[in-house]
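Examining the three-dimensional arrangement
The chain contents come next:
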Amino acid sequence: MEKFVINIGRQLGSGGKRIAEQLAQELGINCYDKRLLDLAAQESGFAKELFEHSDENKGLLDNIMHMRFLFGTTSGESFCSNVLSEESLFQFQSEAIRKCAEKESCIFVGRCADYILRDHPHCLNIFIAADESDRIKHVSERKGISLKEAEKLLKKAENTRRNYYNFYTGKTWGASESYDLCINISRLGYDKSFDIVLNFVKEFLAGVQ
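The following paragraphs examine the structure supplied in this document.

Parameters and conventions
Residues numbered from 1 in each chain as written. Predicted model: local features only at pLDDT ≥ 70, side-chain atom pairs only at ≥ 80, totals over all residues. Heavy atoms only, no water. Buried < 20%, exposed > 50% of the residue type's maximum accessible area, 1.4 Å probe, protein only. Helix = DSSP H or I, 4+ residues; strand = E, 2+ residues; numbered from the N terminus. Pairing = 2+ DSSP bridges. Phe/Tyr/Trp six-rings, centres within 6.5 Å; stacked < 30°, edge-to-face > 60°. Axes fitted to C-alpha atoms, helices over the stretch in contact; angles between N-to-C directions. Contact = heavy atoms within 4.5 Å.

Among the six residues that make up strand β1 (residues 5–10), six are buried, leaving the element largely enclosed by the rest of the structure. Burial along β1 is two-sided: the residues V5, N7 and G9 and I6, I8 and R10 are all buried. Direction of pairing for β1 relative to strand β4 (residues 123–129): parallel, over a ladder of six bridges. Bridge pairing links N7 to N125 in β4.

This is the structure in structure tokens:
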């Protein structure tokens, strides 16, 4: 079989990462999420901590853009330096994704991989969603925080994720036209939803020669 890639986009607290990891186990392939930071560090020669910091602060670029519109170009040098830094880190991460996809069949979670690998001949893009109430509850349980705190965290994290994706891809995060399959876990529950995703993937793979 030719090499293939499956890209999983997901709402925070939807169970998308769990689906990606379970799919990888079923298919006997690697699943890359934060492991990509290690690969990007190796690719660039920079410290992994630099990529971790960038990964935890994806809103930086958006904040810089906002400040530029507020204050004009008076801080132009600082603005350009920060944008260049973020762009460079994104490019190193993108190259790590491409090299993984060339070397092996695998699954990527987030990281704009659907856009980065848009020219891959055997690429399947899936988006996992869930009702907000279910996602808030899941985040609350996982983090050990109140529902109110979980709701605030979820909204902030998803806004950052959306801005990051939209900025680098020129597309709209979560928009159905960007994916081959979109599924709301809350409708049928995790197990039945996973079966649907797995069967969809198997049908796709049947056409990969």
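Counted under the stated rule, the structure contains eight aromatic pairs. Measuring from centroid to centroid gives 5.8 Å for Y32 and F108, while their planes differ by 25 degrees, and the two rings are stacked. Of this pair, Y32 sits in strand β2 (residues 30–32) while F108 sits in strand β3 (residues 106–109), and the two are 76 residues apart along the sequence. There is no split in this pair, since Y32 and F108 are both buried.

Turning our attention to the environment of Q91. One can find Q91 in helix α5 (residues 76–103). For Q91 and I116, which are 25 residues apart along the polypeptide, the C-alpha to C-alpha distance reads 9.8 Å.

Take the sheet that holds β3 next. Strand order in the open sheet formed by five strands is β2-β3-β1-β4-β5, and the pairing between neighbours is parallel. Each end of this open sheet is capped by a strand with a single partner; those strands are β2 and β5 (181–184). Across the sheet, the axes of successive neighbouring strands diverge by a mean angle of 20 degrees, strand direction being ignored. Relative to β5, β4 is paired through four bridges, and the arrangement is parallel. Bridge assignment links I126 to a residue of β5, and that residue is L181. Packing against the sheet, helix α10 (residues 190–206) makes contact with β1, β4 and β5, and its axis sits at approximately 170 degrees to β4.

Neither face of β3 is open: one carries C106 and F108, the other I107 and V109, and all of them are buried. With four bridges connecting them, β1 and β3 associate as parallel partners. When the bridges of β3 are listed, N7 appears paired with F108.

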